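Here is what each chain is made of, one letter per residue.
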Amino acid sequence: MSEYFTLKSLEGLLEEFLAGVVKVKQNRLSVLDGINRLDDISRMSSDGHNINEAIGEWFAEHNQWLDKSVLKDIEIGRIGNLLENISFGISKDKISTPEKRKLASEIDRWNNLAEKTPKKVVLKRHGETTENPAANTITMYDNHLERALNLFKDKAGDKKHILSVLDDSLKSAFTQKNKDALLLSGYIIYYLKLDGYLVDPYVKRLKEAEQMLKGKKADV
Amino acid sequence: MFNQAEKAYCEALLALRNKDYRKASDCFDEALPQYMNNKEFVLLMETNRLLLAVKDRLAKYENEEIEIMEAFAHGKETKLL
C-alpha cells in the first residue's frame, strides 16, 4: 500500500503543478481562447456559414478587451486580420440588414483599436550598475557578523561558561572548516585575553583550525 | 489564422484548465511537431503524460481494492445466512 500512497501523493503534486502553470497563464489563456474562437468563426465564415450569431456572442463576451489594456500589439493585429476576413465574408452577401449593419459597426470599432495602436520598436537594456567594492565588503562583513551572532547563540544555548562556547566553536572551526566559527573563536579568545584569561591553548587550536581552513581553500 | 498546431496547443492548455488530462494529452500530441523544441511545451506535455501514467496505475490499485471488497461482502453474506 505504500506504493499506492506514494502514487497518490505524486498525483496531487503533478496536478498542483499543472494547475499552477495554468493559473500563471490565466490572463493570456483567456485571450488565447478568445482569439482561437474568433479564428473558428473566421473559418466558418470562409466556408460560407452564417456566423452572425456566433460573432455577435463573441463581441458581447469580449468587448471588455476594448476598455482594458489586456491585449498585446500582436494579438490586436491578429484579431484585426480575423475580423477583416469575417467582414469580407459578411459583405459578400449584398443584402443589408440591421443585424449586419450592427456587426459591421462593431468590426469597425475593433479595427479602430488596431489602427490606434502604433507599431513601435522597444529596445530594452538592463539598468546601469556600478561596482562598489567598499559597499560589498561592508555588506559581506555585516552578513558575517549576523551569522557569527546566530552561531554564538546556538552554541551558548545550553552552556554555562564562555570557555565551553569557545571550545565548541573551535571544534566547529576545525572539523567543519567553518570560517564564521573560526572568526567567532578569535573574538572570544581576544575578549578573554583582555579579561586576563590564559588563552594560549586556545590560540594554538585557533591556528590549527586556521590551517585546516586554508587547506580546504587550497583543495578548492 | 492559427495553424492546426497552435490551435492544438491552445486547446491543450484549456483542457488542463478544465482538468481534462486525456484531452490535453491528445492536443499536446497534435501540437508536438511544431513545438518539440519549446521547453515549456515539452515540460507541460511530459508532466501531463506522467500524471496520466500515475492515474492509470492508481486505477489498477483501486480496481483491485474493489474486487477484494466484493469478495469480502460475499463472504459475509454467506455467513449471515
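Residues numbered from 1 in each chain as written. Chains lettered and ligands numbered in written order. Predicted model: local features only at pLDDT ≥ 70, side-chain atom pairs only at ≥ 80, totals over all residues.

Q: Now, about the nonpolar core: what can you tell me, with residues and values included?
A: Counting 18 residues, the largest nonpolar core has Tyr 9, Ala 12, Leu 16, Ala 24, Cys 27, Phe 28 and Ala 31 of chain B as its most contacted members. Of all elements in the fold, only α1 (2-24) of chain A together with α1 (4-17), α2 (21-35) and α3 (39-80) of chain B reach the threshold of two or more residues within this core. With seven residues, α1 of chain B is the largest single contributor of residues to this core. (Core = buried A, V, L, I, M, F, W, Y, C linked by C-beta atoms within 7 Å. Buried ≥ 20, exposed ≤ 12 C-beta atoms within 10 Å, placed from the backbone. Helix = DSSP H or I, 4+ residues; strand = E, 2+ residues; numbered from the N terminus.)

Q: I'd like a description of unusual backbone geometry, backed by residues and values.
A: A positive phi is found at Lys 177 of chain A, a non-glycine position, where the angle reads about 55°. Looking at the element boundaries, Lys 177 of chain A is found in the loop between α8 (162-175) and α9 (179-194). Despite not being glycine, Lys 19 of chain B has its phi angle at roughly 60°, a positive value. For Lys 19 of chain B, a count of 12 C-beta atoms within 10 Å gives the class exposed.

Q: Quick one: what's the story with the environment of Val 203 of chain A, residue by residue and with numbers?
A: With respect to the element layout, Val 203 of chain A can be found in helix α10 (residues 200-219). Linking Val 203 of chain A and Ile 189 of chain A, residues 14 residues apart in sequence, is a C-alpha distance of 7.3 Å.

Q: With reference to specific residues and values, describe the packing of α1 of chain B against α2 of chain B.
A: All names here are of chain B. Between α1 and α2, the shortest axis-to-axis distance is 8 Å and the interhelical angle comes to 150°. The orientation of α1 relative to α2 falls into the category roughly antiparallel. Note that α1 runs across α2; the crossing there is left-handed. Side by side, α1 and α2 meet where Ala 5, Ala 8, Tyr 9, Glu 11, Ala 12, Ala 15 and Leu 16 of the first sit next to Lys 23, Ala 24, Cys 27, Phe 28, Glu 30, Ala 31, Pro 33, Gln 34 and Tyr 35 of the second. Split by residue class, the contact of α1 with α2 holds twelve nonpolar, one polar and three charged. (Axes fitted to C-alpha atoms, helices over the stretch in contact; angles between N-to-C directions. Parallel < 35°, antiparallel > 145°, perpendicular 65-115°, else oblique. Left-handed = near helix turned anticlockwise from the far one by under 90°. Contact = placed C-beta atoms within 7 Å. Nonpolar A, V, L, I, M, F, W, Y, C, P; charged D, E, K, R; others polar.)

Q: A description of the packing of helix α2 (residues 26-46) of chain A against α1 of chain B should follow, citing residues and the corresponding values.
A: Where α2 of chain A meets α1 of chain B, the axes come as close as 10 Å, and the angle between the chain directions of the two elements is 130°. With respect to their mutual orientation, α2 of chain A and α1 of chain B come out oblique. The two elements α2 of chain A and α1 of chain B meet at a crossing, and its hand is left-handed. Taken together, the residues of α1 of chain B that come into contact with α2 of chain A (itself represented by Leu 29, Leu 32, Asp 33 and Asn 36 of chain A) are Lys 7, Cys 10, Leu 13, Leu 14 and Arg 17 of chain B. Residues that form the contact of α2 of chain A with α1 of chain B fall into these classes: five nonpolar, one polar and three charged.

By themselves, these figures tell us nothing about what the structure is for.
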